[in-house]
Amino acid sequence: MPRPLRADARANHDRLLEVAARLFATEGADTSLKAIAAEAGVGIGTLYRRFPTREDLVEATYRNETDLLCASASRLLREREPVEATRAWMEAFVDYMLTKQGMADALPAILATRDGLRLHTREALTAAVAELLRAGAGAGRFRADVAPSDVLMAIGGITLIGSYERQRALASRLIDLLLHGLAARAEAGGPR
């Protein structure tokens, strides 16, 4: 088990992942590692000590973005009512997928060779969606018969459509439609 990082090393590590996510999303996985290090305020040697290969940095960025997104479900539910928390999480998921698309050329090989990465991602995202759905159903705002994996597939499709069209607003409109479909129905059949 690796030793915990010192506070300054942890801060450098976190900054590198934050900058890498942003640059991968805008410039792709082939973006200059030197540019990532410079924007993070560290030397290239620090980047290579933490991430010996480009693939290591892409994997760490992907894992970190996944973990941050999944952890945000609980935080959003503490801060907002369930429908608004779910909407905010879905919007964040779209942003997450745009970062992932920036790494699209590098990810297939990494997902194929790094044990358990694909399964870990799917399980973590499904658990986050399940938490949001449970909260919404518990508050009487969402239907209780919806599978988290179905919602995850739907939001994934929304993301593909929204990014293909290069229209972030389209993804938001489609999220509203998905949320309407999740809404609990009053006995008369209309939305609550």
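Residues numbered from 1 in each chain as written. Predicted model: local features only at pLDDT ≥ 70, side-chain atom pairs only at ≥ 80, totals over all residues. Heavy atoms only, no water.

Student: How would you explain the overall build of the protein chain if you had to name every residue and give the values?
Tutor: Scanning the protein chain for helices and strands turns up 9 helices and 0 strands. Counting all 192 residues of the protein chain, 43% fall into the buried class. Long-range contacts, defined here as pairs at least 24 residues apart, represent 65% of the contacts in the protein chain between residues at least 6 apart. Distance between charge centres in the protein chain, computed from 26 positive and 25 negative side chains, equals 2 Å. (Helix = DSSP H or I, 4+ residues; strand = E, 2+ residues; numbered from the N terminus. Buried < 20%, exposed > 50% of the residue type's maximum accessible area, 1.4 Å probe, protein only. Contact = heavy atoms within 4.5 Å. Lys, Arg positive; Asp, Glu negative; His and termini not counted. Charge placed at Lys NZ, Arg CZ, Asp CG, Glu CD.)

Student: Could you give me a rundown of the side chain of Thr121, with the residues and numbers involved?
Tutor: Relative to the helices and strands, Thr121 resides in helix 7 (residues 117–138). Thr121 gets classed as buried once you look at its relative accessible area, which sits at 5%.

Student: Hey, could you go over the pattern of salt bridges for me, with residue numbers and the actual values?
Tutor: Within the structure shown, the criterion is met by 10 salt bridges. For Arg10, the salt bridge identified is with Asp14, shortest N-O distance 3.0 Å. On the criterion of helical spacing, the pair formed by Arg10 and Asp14 is a turn pair, its members being 4 residues apart in helix 1 (residues 7–27). Take Arg10: its relative accessible area is 37%, and that puts it in the partly exposed class. With relative accessibility at 35%, the residue Asp14 sits in the partly exposed group. (Salt bridge = Lys/Arg side-chain N within 4 Å of Asp/Glu carboxyl O.)

Student: Pulling in residues and values, what's your account of the confidence of the model for the protein chain?
Tutor: Of the residues in the protein chain, 92% have a pLDDT of 70 or more, and the chain-wide mean is 88. When mean pLDDT is taken per element in the protein chain, helix 2 (residues 33–40) scores highest with 96 and helix 6 (residues 107–113) scores lowest with 79. Ignoring residues within four places in sequence, the model shows residues 187–192, a span with pLDDT below 50, making 8 contacts including any to other chains. (pLDDT = per-residue confidence, 0-100.)

Student: Break down the environment of Ala88 for me, citing the residues and quoting the values.
Tutor: Along the chain, Ala88 turns up in helix 5 (residues 82–102). Sequence separation between Ala88 and Asp67 is 21 residues, and the spatial gap between their C-alpha atoms is 16 Å. Residues within four places of Ala88 in sequence aside, it is in contact with Leu76 and Arg80.

Student: Describe helix 1, with residues and values.
Tutor: Between its first and last C-alpha atoms helix 1 spans 29 Å; for 21 residues at 1.5 Å apiece the expected length is 30 Å, and the two agree. For helix 1, the full list of buried residues reads Ala9, His13, Leu16, Leu17, Val19, Ala20, Ala21, Leu23 and Phe24. On its buried side, helix 1 packs onto helix 2, helix 3 (44–50), helix 4 (54–79) and helix 5. Just downstream of helix 1, Gly28 is the residue with a positive phi angle, here 90°. (Expected span 1.5 Å × (residues − 1).)

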